[in-house]
Every structure is written in structure tokens, then in C-alpha cells.
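Examination of the molecular architecture
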Amino acid sequence: MSARSEFTLANDYQYNRSGPVRWIVSHLLRYKFFLFGGMFMAVTTNALYSTIPLFTGEAFNAVQRGQTGLPQLISITLILLALLLVQGSIDLSARFSAEVLSKRFTRDAREELYSNLLGKSQTFHNRQQVGDVMARATNDMSQLSDMVSPAFDTIFDSFSSLAVILIFIGFLNLRLLLVPVLYTIMFLIALRYYSRKLSPVSDRMREEFGKTNATLNEAVRGVEVVKATAQEPQEIAKFTTRAGRYRDYYVENGKIQGRYLPTLLLGIALALAFLHGLYLLSQHQINIGDLIAFIGLMTNLRFVTFMSIWSFGLVQLGISGAKRIIALLNEETNLDENEQGHQGKMHGDLIFEHVTFGYSNTPILKDISFHATPGQTIAIVGQTGAGKSSLTKLVNRIYDVQSGSVKIDGIDVRAWNLDALRSQISTIEQDVFLFSRSIAENIAYGLKEQKVDQAMVEQAAHDAQAHEFIQQFPHGYDTEIGERGVTLSGGQRQRLAIARALLTNPCILILDDSTSAIDSATEDEIQHALQRVQQGRTTLMITHRLSQIRWADSILVLQRGEVIAQGTHDELMKSCETYQRIFSHYDPVTPASVVVGQE
Amino acid sequence: MGFIMEGLDAEAYDRTYTDRQLIKRIISYFRPKVGLMLVITILVVLGSCLDTAFPLLIAQSLDALVGTQVLHTALLLVGLILVSAALSWTCNMFRQHFTAIAVGDVVLKLRTDTFASVMERDMSFFDEFSSGKIISRVTSDTDSFATVVTLILNLLSQVLLFLLIAAVLFFRNAHLALLSMTIMPVIILIALGFRSLARRLTRQAQRSLARVNSNVQEVISGITIAKNFRQEQNMFDAFQDINKQSYYVNVRSGFLYNGIFPILVMIANAGTTIVIYFGGLDVLGHTISAGEWFLFVQSIGLLWLPLTSIASFWSQFQLGLAASERVFALLDAEPRIQQTAQHPPTRIEGTIDFQNLFFSYDDKQTVLKNFNLHIKAGETIAFVGHTGAGKSSIGKLIARFYEFQGGQLSIDGQDIRTFDLHAYRRQLGIVPQFPFLFSGTVTDNIRYARPDATDMEIETVARHIGGGDWLDALPEGLQTPVGETGKALSMGQRQIVALARVLLQDPAIIIMDEATASIDPLTEAQIQEGLDVILKDRTAIVIAHRLSTIRHADRIIVIDRGNILEEGRHETLMQQRSHYAELYNTYFRHQSPDYKPGEGFIEMTQLPVEDPLQA
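Conventions adopted
- Residues numbered from 1 in each chain as written.
- Chains lettered and ligands numbered in written order.
- Predicted model: local features only at pLDDT ≥ 70, side-chain atom pairs only at ≥ 80, totals over all residues.
- Helix = DSSP H or I, 4+ residues; strand = E, 2+ residues; numbered from the N terminus.
- Buried ≥ 20, exposed ≤ 12 C-beta atoms within 10 Å, placed from the backbone.
- Rg over C-alpha atoms; globule rule 2.2 N^0.38 Å.
- Contact = placed C-beta atoms within 7 Å.
- Expected span 1.5 Å × (residues − 1).
- Pairing = 2+ DSSP bridges.
- Domains from an automatic or database assignment.
- Core = buried A, V, L, I, M, F, W, Y, C linked by C-beta atoms within 7 Å.
- pLDDT = per-residue confidence, 0-100.
- Axes fitted to C-alpha atoms, helices over the stretch in contact; angles between N-to-C directions.
- Parallel < 35°, antiparallel > 145°, perpendicular 65-115°, else oblique.
- Left-handed = near helix turned anticlockwise from the far one by under 90°.

**Brief notes about the overall build of chain B**
- From N to C terminus, chain B includes 21 helices and 12 strands.
- Counting across all 615 residues of chain B, residues that qualify as buried make up 52%.

Encoded structure:
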């Protein structure tokens, strides 16, 4: 398997992902002991269980003989009791094996999917609907678990009981096999037909479930907009349509289950078996005891017949779920870890050479070229949608260029080891994402394998001007963020993000409009802190702050994906009209002293 | 073992219901389906009767065989068996069919109800609970509810079957029947003991699963950060711990569920052995016929089958009950926002009055204390102050996203608590700091607040902002898909779309939370020109961090820790040389090109106060 991935685990167990059934089998085969042990015990259980009607038949014969049958009746009773005990314990162990197998399967499959999602490129993640991915990772996963235990468990159990029943009937009298064998053939054909009917409906059911989840996810995450615009009815209508479709497939599924033919076939088989038994009895081929045992065994066919409706339904759902999961696993991703790539200390010499890039066929960036020497600060300005953020994302290979190249220290980023590349570049995003963990953990997020040192975390928080507000929380650095924790303002989030970036000590720093939400007196100090951080680091800065733009070493003016001008503030003020317009719209600030002076 | 149970506490709004309450509640959902349920019940009874027929018929024919050897009677019985099988199958088919419809409809209703109730919750609910967990209640838990309902119907038919068989047995031979029932108390005792244990383990299992799921949700949402910091291994390790916990908890509950069936079967078989032995003695003693004895041996298996299958489905039943408990807890959660009346407001003028208002998000921190403010209709108010001063909270209170704890808030002199919130919010326009877009095109998103708007209107509004320049940067103009949450657009573009959405809505009050934070200066200037016109006849609450926005406000309010320090126009406040002037000098000067970080304020030129554009 040479699938590309940005992240792989050491000693990762390889599963066969060429098809849903093969994938399931390769997972189950990982635990051969539980799989085959469980199977063996299930067969044993059934063999023992089916001896009960035989002993019942014996008992019938015994009581027919009058008082002489008493000792035999007693011994049969004792044998039955012993049998029950042994059979019960083996049954218990078989079920526990199935349970362990089922839960390990989902545990492993979850880990497989999780690490796989981590390894997928940003392009992939942009394409996915979070709600649908969630449905695959959660509900489809539990379908897998249900498929192994109880479904596989029951199927194996019931089919081994079928085999055992047939063998026992054969032992009674080979002629008696006529009806049960015919029934078994018809049963298998009908079951196959049933599964085939069910399969597309199960697929659609899972699919609709995923879509319902996606609709729901969107509504919940955008709830503020929904409320603000009083559009609850619209969202409810959207949701009801989706959920209604799921209901239709659910009903369809129920109808197919209702038309399950084997139960009817079994009724016919029982009648015919009885008739056949009576015939053989009248021909003196068998005795009454045999007939009773035969009918008892035939009655036990009810188990396999009835359980299959439900267990095969679960299997179909499980396979549909597996299909959706491996579809996600097998999605191609266009970046890889590049383990053999260049590693080593980065100096921060950044070159863009005729870079063209787009998310689809329409290019977002066209023929971009510039050079940043180590330690330089480059400000990127331009109208919204000009491609500023996209440009910075090419540096740490969140995306790859379509043509041209991005080079760091003279080496194409695609030739760098991804780990070495990304760990030496830090980004502070516009929309800061924090994890539902403690503040300290969020700040220390970028530290790799190192022991999280409280002093370092606090130093970084100090530098990012976050220490003060963190101290105000009742639990300080251990305060939980998000769910069950505090809600932070935009400015607070950004300061945590800055602290997070500071702690990683990057060589290249990317600031994506990172201070726009900071409104307080701290901005001056943050700017000061950032300036200190920027020293000795190559910085790409997307900003609308005129002061930041003005003091940058070089400014890149972007318009509709093209660099229309590049130079220092003074140069651009002279040469670039667009740049001049940015500054001309600004109301110059007059310090208070001047205002007062004019009174 | 300590770590295993970590983090599996109940949600704050979780509550416990008794089984009876739950089942009563579930049944109440079926009330509209009375007719269908009646038909299903009749089919269940019929099916059960037909199922009982089989052992009876066999026993009858055996007696015939042993007794008078009349093959003729036996043949007739075979015919009867055939007919009963066919009838039973037909009954079952219709039953399944109708059940699917009834359950499908009820689950749909429950889902819609749950979703509607989620949408009715105020914002504090969404702050507290992760979207992943809320979603799992609406979809997965209602799904398990369907399982419960199907199982209740199965249970009903199983209990009926049990009663019928028991009745027949008593009718045939009370002595033997009593004998067969001896193990009944043991089965009931085990089932009851199992029940309470199962409930507890099930809850733990579901919570640990919810934990796994919200972790997955987090990695999907935060994948860019994980990539930027190259933290995949750490993310994975954290996940693995949670996943392991879920494995242990689930295996444990799985053992319990899977263990119960073999144990009950074992006991049932012990019951069969008792009947074989004591019944056999009776046959030997000639108190009963061999056929009758066989009938008992045969039917006792059938007698226990319903009980054991009830037990084996018990796990799903318990899972479902626990799930419906979670769903009902969500439905029943008390909303924190309480409206005293539902008056739909007429066209709002936009006068806003805060009187001695007291507000906090939780019990820990008070945001506003004894807050008083009068906002005139049509006024543009800019709030300035430190992060956490309570600026955004004021906007959120006006939007009635949160409940306040004391004082009064009135709009046009009417208590905000007396409004029909939907009608009220339709006259509010809110532009949040991080705008959220729904997947669809730019047009769809602008139209969102007013689904009846024509394409022409949308075009006009879109062109109104920034002279429509921003549209040229979109690959397909207004028809550009925005992607989930708007991720296909830049943050600035999203803000413009959010602004257009509000403009189309034509609200009486506009609340902007630093709405232009990510828009470049060029576009911002263009927007500002448009905004001036738009804000003219409306009340506008602007939580602004930008100089240009603030200076255009009718009144600037300086706020600190929930208190108003100063208010007035820019020029007046500057002349007071107090808080605002200080804020202005220290806070806003860095927005000037003349400011150099850390090195103070470097003046470029000495300019008068007037707008240079006019100069």
C-alpha cells in the first residue's frame, strides 16, 4: 500500500481496504484466537444443545416402557443437567469472545480512521462536510460493532445449529433428511434474495443518515445566525425533509423484513416433515421416539430462520457502514510525509518562483514571485479575496502549488521532510481554534514530545500579554476552555494563539491578520512582543493595520491573485497607485496633545 | 481502574426518569397512531395464537398416533399446520409493514421535536454543550429510540405468546404447569438484578462513546491547527486513551448483556429437565398420557423462548431506554430565557433602555452590574473598552440570546420579555465577528434572512457594498458556492456576505460586533460609505475596534467592567482628556500608520482634525 499520507503511525497494522467485506475480514483476522476460538466454542455449544431433543426422545421411549424405564429416566435427567452446565459455560465463553472481537474491531477501526483523517490533506478536509464525516466515524462505526456482536455471533451460532440439526437428523434416519435438506436449500436461496433486496436500502439509509447529520451539524454550528435572523422554521423544514427521507427508507427496510420468506417456508417444511415422519412411521422405518426427536429437531430450525431476519439486516447495515468508512479511508490525498526529505535547521530564506495555485480550475494565485531573506518581515496587502491567505498556506504545504515552486533555504518545500518543515513554521490564524482542554495545554499544544514546562508556558503567555487575563480565571492556567469551561473573547483567543506560536520557537512566522480582534491597551504590548518575536525570523504578515504595513521590510501588493507591486512603504507610496489609495482613505490620527493645542 | 471512569459524568441538563415514566412518555408519542397500533396489536395477538397452534396440533396428532392410530386425523392436522403457518406469516408481514410505518413516523416526529427544541434553546446552551454531543442526541439517540419501540412491540408479542402457552398448559394439566413454573421466580429475579446493573453500565458506555465522538469532532474541526503544529501524534495519543476507555467500558457492558442470555437459557433448560423427570414419573404413574407429557416438554421450550429472547434483546432495550432518557432530558431542559408574553412587536422604532440591569453568563463572573443606558431611536452607538468589558454582552442581550438576572431591558418602552422572539428578531440585524455561512451559493446566504427576496434585490444589495468590487474576486460571482461554514471564501468575503444578509433583511436595529475586522482598508472604506446611508434611520449598536467606525458614531460609550465611564462624541470626549482620550491615545493610535510597535508614536505629519478628504 503506497497511499499518501501526511501522518503515519509507527508499527501500524495493515488492513486490506480493497473492499468492505475484505476489510472486515482483515480486521477480524487480526484476533485469530478470539475469532476461531469463538467459532469453535459456538459449534460445540450447538452440538451439545442439539443433543437435548435426542435425550428427550430417549426419555419418551423410556416412559413408554412403563416402570422398567424409571432408572433410565433418572440417568437421562442427570445427563441432561450435566450437559446444561457444560453447554452453558461454553456458550458464555463463546459470547464473550464475540464481544471482545466486536469491540476490538471498532476500537481498531476508529484508530485507523482517526490516524487516516489526521494524515489527509487540507484539500481533502475542505471538501468534506463535517457532519457527514462525523456520521461515518460514529454511527457507521457502531453499526460495525453490532455487525460482529450480536449479528455475526448469532449467524454463526444459528448456522452451526442448522448444521448440527441436519447431522443429528441424519443419525436418526437418513430418510428423514429429505425435508430438512430441501428446506435448507430453499432457505439459503431465499436468504440470498432477502440480502440482495435489503442491501441497496441499507446503503441509502446510511447515506441519508449521514446527510441528516450534516444538515443538523450546520444548523447547530450556525445557530447564532439562525436565531439572529429568526429562521428557525426554515432550518426545521430543511431538517424535516432530510429526516423524512430517512424515514422512507426505514419503512422500506421494514417492508422488506416483513416479506422475509423463510418463515413461511419453515411452516411448510414443518408440516411436510411431520407428514414424512408419519409416513416413515407407518412404514415402520422409524419408531415414535425417533419421530418425536425429529419433530423436536425440526422445531429448533425456528432459531436460525427467525434470527436471520434480524442478523442479516444488521450485517447489511454493517457492510453499508463499512463501505462508507473505507470510502473515506481510500480517498486519495495529495500530500505525503516525505520521510526521506530534507531535514535540518531552517534559516528562513523564502523564495516564491512563478507560483500558480487554485482550489479548482480557477487560479487564485497567478505567477507569484518574491524573495524574503532570513529575518525579513513581508507584509501582504490586498483586497479581500485577493489570495493573501492562500499564499501563506503554500509555505508550510497546507496546500501544494500547481506550477512554479516555493523554496525555503533554496530547497523546494516539496523536497522537505514534512515534519521538519511544519515544525519550524508557525501560523497564527484568523479564526483561532482552541481545543476543549486547559489553557496551559492549549498553549503548550505545539511542543513535541517535550515535557510541558509550566514556567515556559507562563513565559510565553507573558510575552503574548495573556498572563494577566489567565490569572483572573479561578483555575488560572488549568482553566478548561470551551465546553464545560470558560468562553473566551476573540482577543483572548488570539493572545493564546500567539503564546502557542511563541512557544514553538519557529523560524518562519505567518501572521494571518492575527491582531485584528485585539482592541485593548494590550495591543501595543502585543505588537511590541510580536516585534521581538519577529527578530531573526522570517515573517509573512497579512494585515490591515496601516502601522504594521508601514514598518514592514517589504510590502507585497496583491490584486486578484497577482503581485502588482512590491517594495518598501516609501517606494510604494511613490510608485503604486493602489497602495496610495489604501493610505489615502485613512483619517490620520492626531494625538490628543495636538487637539488640545488647537483649542 | 480509576482512569477508566474519568470524564463520564452526566451533562448538566441530564435528569433521571423511571422506566415507567419513560415508557409512558414513549407510548404518548404513539397516541396519534391509535388506529395503526390497534391493527398491529390485533396482528400480534393473532400471530401469537397461530404460533401456539403448532405444538398443540403436534401433541394432538401424537395422542392420535399413540391412541387409535388414525392416520386420517393426522393428515387433517398436517393440513391445519400448513394453514396456520401461512396465516402466521401473513400476519407477521402486515405487522412488520405497519410497525415500520408507525415507528418511522414516530421517530420522525421525535427527531423534529428534538431538533425544534434545540433550536429553541438560548445561546448559553450552545456555549455549554459541544455541537457533537447535541447532534448525537438528535440523530443517534432518537435512532435507539426506534429500537426500543420495535422491541416493545416484540416484547408485547412475546409476553402474549408466553401467556397463551401458559394458559394452554394450565388448561391441560395444572399440576405439570405449576411444576414448569417453579423456575419462573429465579428468572424474574435475575432479570431484575440485571436491569439495574445494565442501566448503569449502559449510561457509562454511551457517555464514553459520546466522549470518543466529540474528540473525533474536534480533530475534524481543528485539523489545520494539528497540521500547522505537526501535532498529529499527540492528537492520536490523546484519542487512543479515550478510545481505550470506551473499549473497556463497552466490553464490560457487552459482557453483561451477552452473559445474560446463556445464563437464562441454562435456567430454562433446567426447567425443561424438571418437567422431563417429574412428568416422566407421572406418565409412569399413569396420571397423564405420554402425548400430554410430550406436549409439556415441547411447549416448555416455547414457554421460555419469549422470556429468554426478552432477556437477549434486553441490552438493546436498555440502550434504547437510556437513549430516550437522553432525548427527553434534552426536550425537557428548562430554557433559561423565559418570555412572559408573546406580543409580536409592530415596526420597531429602535429606542433601547437598560434599567438597573444585572447580567452574568454563569455564576462565576458578573458582566453587567446595575447597568443603565438609554439609546434613542436611530442613534449609532459605538462601544469601546477593554476585552471582556462587556461590550459584546450588551449586543447579545438586545438580541435576547441570553437571559439577564435583574433589572429591565425595554425596546420602544416595552419589556423585551413580552415579545414574540421570532417576530422581534426579524427586525434585528446582527453581524457577528466571525460570520457563519451555510453551504450553498453566495446568493443563498444573502437571501437567508428573507427567503422570499428576488434575485434582483440580492444583486442590488450585493452591489451596494463596496461598489460590488468584491463580487469580481469571486470565481462565479453571486453563484459561487461558499462551502461548509463558508470556508471556500476568505474571512473578509464572509463578512461582506454577512453584511449583505443583514442589509437585505432591512432591520430596525443593527448590531455589529467588530463586523469589519477582516476587511482590508480599501474595501472597508467603501463599505463605510454604504453603511453611513444604511445606518441612517436605524438604531445601530457597533462594537468597534476601528477608528473609522468609531469616529462616525453619534455617541461613543466607554465601558469598563460593565460600567459606563464616559460617553459623548469623539471630539467632545477627546477634549475631556479623560478615559476616552487615554484609550484613544494608547489603544487606537496603533491603527495609525504613524505608529511604530513598541517605539511609541512617530508622527508623520501635523494634520488638522478635519477629514483630509474634504481638505
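**Focus on the overall build of chain A**
- When you go through chain A residue by residue, the secondary structure sums to 21 helices and 10 strands.
- In terms of overall dimensions, chain A is more spread out than a globule: its C-alpha atoms have a radius of gyration of 35 Å, far above the 25 Å expected for 599 residues.
- Per-residue burial for chain A yields a buried fraction of 54% across its 599 residues.
- Sequence separation of at least 24 residues holds for 79% of the intrachain contacts in chain A that already meet a minimum separation of 6.

**Regarding helix α9 (residues 262-282) of chain A**
Residues and elements named next belong to chain A.
- Helix length check: α9 (21 residues) gives 29 Å between terminal C-alpha atoms against 30 Å at 1.5 Å per residue, within 8%.
- Within the sequence span of α9, burial applies to Pro262, Leu265, Leu266, Gly267, Ala269, Leu270, Ala271, Ala273, Phe274, His276 and Gly277.
- Looking one or two residues past α9, His284 carries a phi angle of roughly 60°, positive in sign.

**Side note on the interface of chain B and chain A**
- Across the boundary between the two partners, chain B contributes 163 residues, which contact 157 residues of chain A.
- Among the elements that line the side of chain B that touches chain A, the one with the most residues is helix α3 (residues 71-120) of chain B, at 26 residues.

**Thoughts on the sheet that holds strand β2 (residues 368-375) of chain B**
Residues and elements named next belong to chain B.
- The strand order β2-β1-β4-β5 describes an open sheet built from four strands, whose pairing is antiparallel. Whereas interior strands pair on both sides, the edge strands pair on one side only; in this sheet they are β2 and β5 (414-415).
- Pairing of strand β4 (residues 406-411) with β5, which is carried by two bridges, proceeds in the antiparallel orientation. For Ile411, the partnering residue across the bridge sits in β5 and is Gln414.

**Points about the environment of Ile326 of chain A**
Residue and element names in this part refer to chain A.
- Following the sequence through the fold, Ile326 ends up in helix α10 (residues 288-330).
- When the C-alpha positions of Ile326 and Ser423 are compared, they lie 30 Å apart, and in sequence the two are 97 residues distant.
- Other than its neighbours up to four places away in sequence, Ile326 contacts Arg17, Pro20 and Trp23.

**Here we look at the domain arrangement of chain A**
- Parsing chain A into structural domains produces domain 1 (20-329), domain 2 (339-424 + 507-514 + 539-599) and domain 3 (428-505).
- Using C-alpha coordinates to define each centre, domain 1 of chain A is positioned 50 Å away from domain 3 of chain A.

**Quick look at helix α9 (residues 232-284) of chain B**
- The end-to-end C-alpha distance of α9 of chain B, which contains 53 residues, comes to 76 Å, matching closely the 78 Å that a straight helix rising 1.5 Å per residue would cover.
- Positive backbone phi, at 60°, marks His286 of chain B, one or two positions downstream of α9 of chain B.

**Here's the deal with the nonpolar core**
- Residues Ile380, Ile443 and Ala499 of chain A together with Ala500 of chain B are the most contacted members of the largest nonpolar core, which totals 342 residues.
- For this core, the leading source of residues is α10 of chain A, giving 19 residues.
- When residues no more than four places from it in sequence are discounted, the contact partners of Ala499 of chain A are Ile443, Ala460, Ala461, Ala464 and Ala466 of chain A.

**Overview of the sheet that holds strand β5 (residues 411-412) of chain A**
All names here are of chain A.
- Across the sheet, which stays open at both edges, the four strands sit in the order β2-β1-β4-β5 with antiparallel pairing between neighbours. Edge positions in the sheet fall to β2 (365-372) and β5, since each of these pairs with one other strand and no more.
- By the bridge criterion, two bridges tie strand β4 (residues 403-408) to β5 in an arrangement that is antiparallel. Pairing of Lys407 across the sheet is with Asp412, part of β5.

**Details of the confidence of the model for chain A**
- When pLDDT is averaged along chain A, the result is 83; 91% of the residues meet or exceed 70.
- Under a pLDDT of 50 for its full length, residues 588-599 of chain A has, in the predicted model, 21 contacts with residues more than four places off or in other chains.

**Details of unusual backbone geometry**
- Of note, the amide linkage connecting Ser149 of chain A to Pro150 of chain A takes the cis form, showing an omega dihedral of 15°.
- Structurally, Pro150 of chain A can be placed in helix α5 (residues 130-172).
- Although it is not a glycine, Arg561 of chain B adopts a positive phi angle of roughly 45°.
- Locating Arg561 of chain B in the fold gives a position in the loop between β9 (555-560) and β10 (563-568).
- According to the C-beta neighbour criterion, Arg561 of chain B is partly exposed, with 14 such atoms within 10 Å.

**Things to note about the pairing of strand β7 (residues 508-512) of chain A**
All names here are of chain A.
- Counting buried positions along β7 yields five of five residues, so the element is predominantly enclosed.
- The alternating pattern of β7 places Ile508, Ile510 and Asp512 on one face and Leu509 and Leu511 on the opposite face, and all of these are buried.
- Direction of pairing for strand β6 (residues 425-428) relative to β7: parallel, over a ladder of four bridges. Bridged to Thr427 within β7 is Ile510.
- Alignment of β7 against strand β8 (residues 538-542), held across five bridges, turns out to be parallel. Its bridge partner being in β8, Asp512 is matched across the sheet by Ile542.

**Overview of the environment of Ala190 of chain A**
Residue and element names in this part refer to chain A.
- The topology assignment puts Ala190 in helix α6 (residues 178-221).
- Note: C-alpha distance between Ala190 and Leu261 (71 residues apart in sequence) is 6.3 Å.
- Dropping the residues within four chain positions of it, Ala190 is found in contact with Leu261, Pro262 and Leu265.

**Here we look at the packing of α6 of chain A against helix α5 (residues 131-172) of chain B**
- Contact pair α6 of chain A / α5 of chain B: the axes reach a minimum separation of 10 Å and the direction vectors enclose 135°. What the angle tells us is that α6 of chain A and α5 of chain B run oblique. In this structure, α6 of chain A crosses over α5 of chain B, and the sense of that crossing is right-handed. Where α6 of chain A approaches α5 of chain B, its residues Phe209, Thr212, Asn213, Leu216, Asn217, Val220 and Arg221 of chain A are matched on the opposing element by Ser131, Ile134, Ile135, Val138 and Thr139 of chain B.

**Thoughts on the pairing of β8 of chain A**
Residues and elements named next belong to chain A.
- Taking burial as the measure, the five residues of β8 include five buried ones, the bulk of the element.
- Here β8 shows no split at all, with Thr538, Leu540 and Ile542 on one side and Thr539 and Met541 on the other all buried.
- Here four bridges tie strand β3 (residues 377-382) to β8, and the two strands are oriented parallel to one another. Note on β8: the bridge partner recorded for Ile378 is Leu540.

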